[in-house]
There are 2 protein chains.
Amino acid sequence: VNERELVARLRAKATSVPGLVLGIGDDCAIFRPRAGQDLVFTTDLFLEDIHFRRASSTPEQAGRRALARSLSDIAAMGASPRFCLVSLALPAWADTKWFDAFYRGLLQLAREHRMAVAGGDLSHAEKLVCDVMICGSVAKGKALRRDGAAPGDVLYVSGPLGGWTHKEMPEPRIALGRKLVGKASAAMDLSDGLSLDLHRLCLASGVAAKVDCEPPRLPGATLEQALHDGEDYELLYTAPENVSVPGFRIGSIVRGRPGRVSFLGKPLPPQGYDHFSRNRS
Amino acid sequence: VNERELVARLRAKATSVPGLVLGIGDDCAIFRPRAGQDLVFTTDLFLEDIHFRRASSTPEQAGRRALARSLSDIAAMGASPRFCLVSLALPAWADTKWFDAFYRGLLQLAREHRMAVAGGDLSHAEKLVCDVMICGSVAKGKALRRDGAAPGDVLYVSGPLGGWTHKEMPEPRIALGRKLVGKASAAMDLSDGLSLDLHRLCLASGVAAKVDCEPPRLPGATLEQALHDGEDYELLYTAPENVSVPGFRIGSIVRGRPGRVSFLGKPLPPQGYDHFSRNRS
């Protein structure tokens, strides 16, 4: 397999989306923004033996998860995904069959959200490296940020937690994120666990939070997992009491030392996943 | 060193650019495009032992080169860089001092081009992984593409070639690219060597090319290196005979089998760098 063949395979599978003037095959992709829209950008690494193991997921699942990580960030902004760039370094074991299956999984999720693969980079490495950048769009000034939570706001999660080992077919909350635009005061993706991510949301907003009930959790997940595990592909968000939003109420935003979080009346220190602690703390 | 500290260090060093509504620290960066502009996007991997070796470059040089690779693609479109996202997976040997120096080199080049680091991702890995996505802007419909070369056009390179082992301080041709807008009929970055990249430009444009003089080369570079080595950070472009553009004339575009290239009257097969041949062919 050579680079030109791989690029030709990708081009053949590329889909077109409004605004994408030029996709795979030139030095850059060209996108023509619509007036009245802001663009949002995120990128997420997906690394062998860090974010997935070859032995425990199919290439289709790996491809889907590589895209889902970034899509969840787009959902958290209330945006709609438009296109992605996929950087991929393939190890010797990743043959054409594996590559095709990986892209099949990735493109299936891309199609579900009507987004294009507009470009990327190809290289080789000892372990598989994938980095997915997504560009999304949202009405001007309407993106959901982390820094808008205010004392008195209600705190929500979008679904059951504790699922990082369970979800082989993640469904990023794009539709929900779009519904929250103009309603939620703050939102973020639950990527590193509720305790750490809620701490971050509170820090960004300069507020404290109290979680006053057990968060909903996936079948088989313990309370510890629901509080501290990451990669849930769910959203954490706040809205004023008088604004109706979908989701599970788990507490409220309060005045207090920025970043302080309590759970059932006791302090809940941030214990989620930090990539530089080398393991779960 | 932990993730939050690293992100805080990056935020402190972040610069602001027009249109960047929100940079490092949320789920996504937010960018507000200007009317009448197209946006261009590229991403390039920069991998330890593939694109650089720890022993033979300083961290500042590595950081600069990680960004320069993508900047060269932006130059090839005739665009101005606006912001980048930097994904980085650090091995155990990359301590805070190394990280700071790597970013110093990257940010120095970013400042020279008035662009911001708007976000990215951090993780860890056995070998250093870096992926740099850049968003640039160009007047609507004016981006330089590979597919516009026509028989009779003159063929140019922007500078001396054969430098992939020599250039520790690459200077992407952003200023030149902008000058070519509205003048060049096609342009691309010389990333994989003249013979392979010219072949690609001709394929995209459905034309052939003849190189009728030796290309300019860097001191110490052989003719073979000038024809086949990559990572020159120079541009390859074409323009009609009656249009004046800066650069070195090396030949012309002719009718013929798409992709066919000749050098001093003999066929020049594409021999540049293919990432999946595992070595230079």
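Residues numbered from 1 in each chain as written. Chains lettered and ligands numbered in written order. Predicted model: local features only at pLDDT ≥ 70, side-chain atom pairs only at ≥ 80, totals over all residues. Heavy atoms only, no water.

## Regarding the overall build of chain A
Okay, step 1: Along chain A, the regular secondary structure elements total six helices and 13 strands.
Okay, step 2: Taken over the C-alpha trace, chain A has a radius of gyration of 19 Å; the compact-globule value for 281 residues is 19 Å, and the two agree within 12%.
Okay, step 3: When the backbone C-alpha atoms are referred to their principal axes, chain A occupies close to 60 × 45 × 30 Å.
Okay, step 4: Of all 281 residues assigned to chain A, the portion counted as buried reaches 60%.
Okay, step 5: Sequence separation of 24 or more characterises 86% of the internal contacts of chain A that already satisfy a separation of 6 or more.
Okay, step 6: Just so you have it, chain A exposes about 10,800 Å², and 50% of that area is on carbon and sulfur atoms.
Okay, step 7: The averaged location of the 32 negative side-chain charges in chain A is 5 Å from the averaged location of its 36 positive side-chain charges. (Helix = DSSP H or I, 4+ residues; strand = E, 2+ residues; numbered from the N terminus. Rg over C-alpha atoms; globule rule 2.2 N^0.38 Å. Buried < 20%, exposed > 50% of the residue type's maximum accessible area, 1.4 Å probe, protein only. Contact = heavy atoms within 4.5 Å. Areas by Shrake-Rupley, 256 points an atom, 1.4 Å probe, with all protein chains shown as cover. Lys, Arg positive; Asp, Glu negative; His and termini not counted. Charge placed at Lys NZ, Arg CZ, Asp CG, Glu CD.)

## Some words on the sheet that holds strand 3 (residues 37-47) of chain A
Strand pairing in a sheet is mediated by backbone hydrogen bonds. Such pairs are either parallel or antiparallel.
Okay, step 1: As summarised here, the arrangement of the six strands in space is 5(A)-4(A)-6(A)-3(A)-2(B)-1(B), forming an open sheet in which the pairing is mixed. The open sheet is flanked by strand 5 (116-124) of chain A together with strand 1 (20-22) of chain B, the only strands paired with a single partner. Adjacent strand axes in the sheet meet at a mean angle of 20°, parallel and antiparallel pairs treated alike.
Okay, step 2: Pairing between strand 3 of chain A and strand 2 (residues 29-31) of chain B: three bridges, direction antiparallel. The partner of A:Phe41 across the bridge, within strand 2 of chain B, is B:Ala29. (Pairing = 2+ DSSP bridges. Axes fitted to C-alpha atoms, helices over the stretch in contact; angles between N-to-C directions.)

## Things to note about the pattern of salt bridges
Okay, step 1: Across all of its chains, the model carries 32 salt bridges over all chains by this definition.
Okay, step 2: A salt bridge links A:Asp192 to A:Arg200, with the shortest nitrogen-to-oxygen separation between them at 2.7 Å.
Okay, step 3: Judged by its relative accessible area of 8%, A:Asp192 falls in the buried class.
Okay, step 4: For B:Arg64, the salt bridge is made with B:Glu171, and the minimal N-O distance between the two is 3.3 Å. Highlighted residues: B:Arg64 in helix 2 (residues 59-76) and B:Glu171 in the loop between strand 7 (154-157) and helix 4 (174-180), separated in sequence by 107 residues.
Okay, step 5: Assessed through its relative accessible area of 3%, B:Arg64 is described here as buried.
Okay, step 6: For B:Glu171, a relative accessible area of 47% gives the class partly exposed.
Okay, step 7: Here the salt bridges share partners, and the residues they tie into one network are A:Asp49, A:Arg53, A:Lys127 and B:Glu126. (Salt bridge = Lys/Arg side-chain N within 4 Å of Asp/Glu carboxyl O.)

## A word on the sheet that holds strand 6 (residues 129-139) of chain B
Okay, step 1: Judged by pairing direction, the sheet is mixed, and its six strands sit side by side in the order 1(A)-2(A)-3(B)-6(B)-4(B)-5(B) without closing on themselves. Two strands bound the open sheet, and with one partner strand each, they are strand 1 (20-22) of chain A together with strand 5 (116-124) of chain B. Strand-to-strand twist across the sheet, computed as the mean angle between neighbouring axes with direction ignored, equals 20°.
Okay, step 2: Two elements, strand 4 (residues 80-90) of chain B and strand 5 of chain B, share eight bridges in a ladder whose sense is parallel. Across the sheet, the residue bridging to B:Leu90 is B:His124, located in strand 5 of chain B.
Okay, step 3: Here helix 2 of chain B sits on the sheet in contact with strand 3 (37-47), strand 4 and strand 6 of chain B, set at roughly 140° to strand 3 of chain B.
Okay, step 4: With respect to the sheet, helix 3 (residues 96-112) of chain B is in contact with strand 3, strand 4, strand 5 and strand 6 of chain B, its orientation differing from that of strand 4 of chain B by roughly 165°.

## So, the packing of aromatic side chains
The way to describe two aromatic rings as a pair is by their centre distance and the angle between their planes.
Okay, step 1: Under the criterion given, the structure shown has 17 aromatic pairs over all chains.
Okay, step 2: Consider the rings of A:Phe41 and B:Phe83, whose centres lie 5.0 Å apart with planes at 65°: the pair is edge-to-face. On the criterion of chain membership, the pair formed by A:Phe41 in strand 3 and B:Phe83 in strand 4 is interchain, its members lying in two chains. Comparing A:Phe41 with B:Phe83 shows no difference in burial state: the two are buried.
Okay, step 3: Between A:Trp93 and A:Trp98 the ring centres are 5.1 Å apart and the planes differ by 85°, which places this aromatic pair in the edge-to-face class.
Okay, step 4: Relative accessible area serves as the criterion here: at 22%, A:Trp93 is assigned to the partly exposed category.
Okay, step 5: By the ring-pair criterion, three or more aromatic residues cluster together here, those being A:Phe31, A:Phe41, A:Phe83, B:Phe31, B:Phe41 and B:Phe83. (Phe/Tyr/Trp six-rings, centres within 6.5 Å; stacked < 30°, edge-to-face > 60°.)

## Some remarks on the packing of helix 1 (residues 3-13) of chain B against helix 3 of chain B
Residue and element names in this part refer to chain B.
Okay, step 1: It is the contact of helix 1 with helix 3, at a shortest axis distance of 12 Å, that shows an interaxial angle of 30°. Our classification of the angle between helix 1 and helix 3 gives roughly parallel. Helix 3 is crossed by helix 1, and the crossing has right-handed handedness. The segment helix 1 lies against helix 3, with Leu6, Arg9, Leu10 and Lys13 engaging Thr96, Phe99, Asp100, Tyr103 and Leu107.
Okay, step 2: Considering only residue class, the contact of helix 1 with helix 3 consists of five nonpolar, one polar and three charged. (Parallel < 35°, antiparallel > 145°, perpendicular 65-115°, else oblique. Left-handed = near helix turned anticlockwise from the far one by under 90°. Nonpolar A, V, L, I, M, F, W, Y, C, P; charged D, E, K, R; others polar.)

## A short note on the pairing of strand 4 of chain B
Residues and elements named next belong to chain B.
Okay, step 1: Burial analysis of strand 4 places ten of its eleven residues in the buried class, the great majority of the element.
Okay, step 2: Bridging between strand 4 and strand 6 involves nine bridges; their strand directions are antiparallel. The residue bridging Val86 from the neighbouring strand is Val132, located in strand 6.

## Some details on the relation of the copies chain A and chain B
Okay, step 1: The two copies are related by a screw motion: chain A maps onto chain B through a turn of 180° and a shift of 0.0 Å along the axis, at an RMSD of 0.0 Å. These values place the two chain copies in the arrangement generated by a two-fold rotation axis.
Okay, step 2: A symmetric contact is evident, with 99% of the interface residues of chain A recurring at the interface of chain B. (Least-squares fit on C-alpha atoms with pLDDT ≥ 70 in both.)

## Focus on unusual backbone geometry
Residues and elements named next belong to chain A.
Okay, step 1: Non-glycine residue Tyr233 carries a positive phi angle of around 55°.
Okay, step 2: Turning to its location among the elements, Tyr233 is positioned in the loop between helix 6 (223-228) and strand 10 (235-239).
Okay, step 3: Exposure remark for Tyr233: the relative accessible area of 5% places this residue in the buried category.
Okay, step 4: Non-glycine residue Leu264 carries a positive phi angle of around 50°.
Okay, step 5: Inspection of the secondary structure puts Leu264 in the loop between strand 12 (261-263) and strand 13 (266-267).

## Observations concerning helix 3 (residues 96-112) of chain A
Residues and elements named next belong to chain A.
Okay, step 1: The terminal C-alpha atoms of helix 3, which comprises 17 residues, lie 24 Å apart, in line with the 24 Å expected from a rise of 1.5 Å per residue.
Okay, step 2: Of all the positions in helix 3, only Trp98, Phe99, Asp100, Ala101, Phe102, Tyr103, Gly105, Leu106, Leu107, Leu109 and Ala110 are classed as buried.
Okay, step 3: Lining the buried residues of helix 3 we find helix 1 (3-13), strand 3, helix 2 (59-76), strand 4 (80-90), strand 5 and strand 6 (129-139). (Expected span 1.5 Å × (residues − 1).)

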